[in-house]
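# What the coordinates show
What follows is each chain in one-letter form.
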Amino acid sequence: PHPPVRGAAREYIFARQYAAKDQHRRAIVHFRKSAELDTNSPAPWAGMAVSLSAIGRNDSALVAWKEVLARNPIHADALLILGLDAVKMGHIELGKANYARATEFFQRALKLAEVRGGKDHLSVAYSYNNIGLVHRDKDEYDKALENYQKSLAIMLKQLEVDHPKVAQIYNNMA
C-alpha cells in the first residue's frame, strides 16, 4: 500500500491497542488520525464510535456511526445502532404528540431494518407496529390497521401464533 494507507493502518492498530486497555480518549485520537489518512475506510469510524460510547459521548458516537454507514452502507453494527436510536427518538416524539417527527424517525428505523435484515426481519415488523401507533394516536385507524397487518404478517412468519409479541399486535388491532 502507499504511505497514507500504511500510516492509517499504523494509527488504527495503536487505537485498537489503547481501546483494548480501556484508554478510550487516547484511542479516539489515533482513530481520528487513521480516518484522516484513509478517508474511505469505515473501520476507524467504527472504532471511534465504540470508544466515544465507552466514555459517554453518545451523540458523538452516533455521528461516527453515520460516518461508518457513509463508507459502508450495509455495516451491520451501524445499521443496528442507528436503527435503535431512531426507534428511541420516535417514541420520544410520539410521547410529545409530535407525530410528523415520530413518523420520520420510525420510517428511518424501518429503512435501516430492511437494509440490515431484509423485509421479513422482526425489526421491520416492529417498525410497522410503531408507525401504526402514530396513526392510532392521530385517530387514523385505517392507516394504523394497515401497518399492524404488515407487522403481523411478518411476525407470523418468524414467531409462533401464541408469542407475546404477536398477541401485542392483535391487541393493537382491537
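Relevant structure appears above.
Read on for a plain summary of the structure.

## Concerning the packing of aromatic side chains
To describe a pair of aromatic rings, you give the distance between the ring centres and the angle between the ring planes. With the rule as written, the count across this model stands at one aromatic pair. The ring of Tyr 126 has Lys 165 sitting right over it, with the charged end atom 5.3 Å from the ring centre.

## Some words on a nonpolar patch on the surface
Together, Leu 80, Ile 81 and Leu 84 line one region of the surface with nonpolar side chains, adding up to about 230 Å² of accessible area. Secondary-structure assignment places Leu 84 in helix α5 (residues 76-95).

## Things to note about the side chain of Glu 11
Within the fold, Glu 11 resides in helix α1 (residues 3-20). No salt bridge forms around the buried Glu 11; measuring N to O, its nearest opposite-charge neighbour Arg 10 is 4.5 Å away. Discounting chain neighbours no more than four positions away, the residues touching Glu 11 are His 30, Lys 33, Ser 34 and Leu 37.

## Let's talk about the nonpolar core
As a rule of thumb, soluble globular proteins bury nonpolar side chains together. Residues Trp 45, Met 48, Leu 52, Trp 65, Val 68, Leu 69 and Leu 82 are the most contacted members of the largest nonpolar core, which totals 21 residues. Contributing elements (two or more residues each) for this core: α1, α2 (24-37), α3 (43-54), α4 (58-71) and α5. Ranked by residues supplied to this core, first place goes to α4 with six residues. Setting aside residues no more than four positions away along its own chain, Met 48 makes contact with Ile 28, Phe 31 and Arg 32. Core analysis: the next-biggest nonpolar cluster, separate from the first, contains 19 residues, Leu 110, Leu 133, Leu 152 and Leu 159 among them.

## Digging into helix α6 (residues 99-117)
Taking 1.5 Å as the rise per residue, α6 with 19 residues should run 27 Å; its terminal C-alpha atoms sit 26 Å apart, in good agreement. Among all positions in α6, only Ala 102, Phe 105, Phe 106, Ala 109, Leu 110, Leu 112 and Ala 113 are buried. As for α6, its buried residues are in contact with α4, α5 and α7 (122-137). Looking one or two places after α6, you find Gly 118, whose phi comes out positive at around 90°.

## Quick look at the environment of Val 68
Tracing the chain through its elements places Val 68 in helix α4. Sequence-distant contacts of Val 68, defined by excluding residues within four places in its chain, comprise Pro 42, Trp 45, Ala 46, His 75 and Ala 78.

## Brief notes about the pattern of salt bridges
What the rule picks out here adds up to 10 salt bridges. The shortest N-O distance in the salt bridge between Lys 119 and Glu 114 comes to 3.6 Å. Where Asp 120 meets Lys 157, a salt bridge forms, and the shortest distance between an N and an O atom there is 3.2 Å. Here the residue Asp 120 occupies a position in the loop between α6 and α7, and Lys 157 occupies one in helix α8 (residues 141-158), the gap between them amounting to 37 residues. According to the relative accessible area criterion, Lys 157 is exposed, its value standing at 56%. One connected set of salt bridges, linked through shared partners, spans Arg 101, Glu 104 and Arg 108.

## Details of the packing of α5 against α6
Interaxial distance between α5 and α6 falls to 8 Å at its minimum, and their mutual angle equals 160°. With respect to α6, the axis of α5 lies roughly antiparallel. For the crossing formed where α5 meets α6, the hand is left-handed. For the pair α5 and α6, contact is made by Ala 76, Leu 79, Leu 80, Leu 82, Gly 83, Ala 86, Val 87, Met 89, Gly 90, His 91, Glu 93 and Leu 94 and by Tyr 99, Arg 101, Ala 102, Phe 105, Phe 106, Arg 108, Ala 109, Leu 112, Val 115 and Arg 116, respectively. A breakdown of the residues in the contact of α5 with α6 according to their chemical character gives 15 nonpolar, three polar and four charged.

Each value, and the rule that gives it
- Residues numbered from 1 in each chain as written.
- Predicted model: local features only at pLDDT ≥ 70, side-chain atom pairs only at ≥ 80, totals over all residues.
- Heavy atoms only, no water.
- Phe/Tyr/Trp six-rings, centres within 6.5 Å; stacked < 30°, edge-to-face > 60°.
- Lys NZ or Arg CZ within 6 Å of the ring centre and 35° of its normal.
- Patch = residues over 30% accessible without salt bridge, like charges linked within 9 Å, V, L, I, M, F, W, Y side chains within 5 Å.
- Areas by Shrake-Rupley, 256 points an atom, 1.4 Å probe, with all protein chains shown as cover.
- Salt bridge = Lys/Arg side-chain N within 4 Å of Asp/Glu carboxyl O.
- Helix = DSSP H or I, 4+ residues; strand = E, 2+ residues; numbered from the N terminus.
- Buried < 20%, exposed > 50% of the residue type's maximum accessible area, 1.4 Å probe, protein only.
- Lys, Arg positive; Asp, Glu negative; His and termini not counted.
- Contact = heavy atoms within 4.5 Å.
- Core = buried A, V, L, I, M, F, W, Y, C linked by side-chain atoms within 4.5 Å.
- Expected span 1.5 Å × (residues − 1).
- Axes fitted to C-alpha atoms, helices over the stretch in contact; angles between N-to-C directions.
- Parallel < 35°, antiparallel > 145°, perpendicular 65-115°, else oblique.
- Left-handed = near helix turned anticlockwise from the far one by under 90°.
- Nonpolar A, V, L, I, M, F, W, Y, C, P; charged D, E, K, R; others polar.

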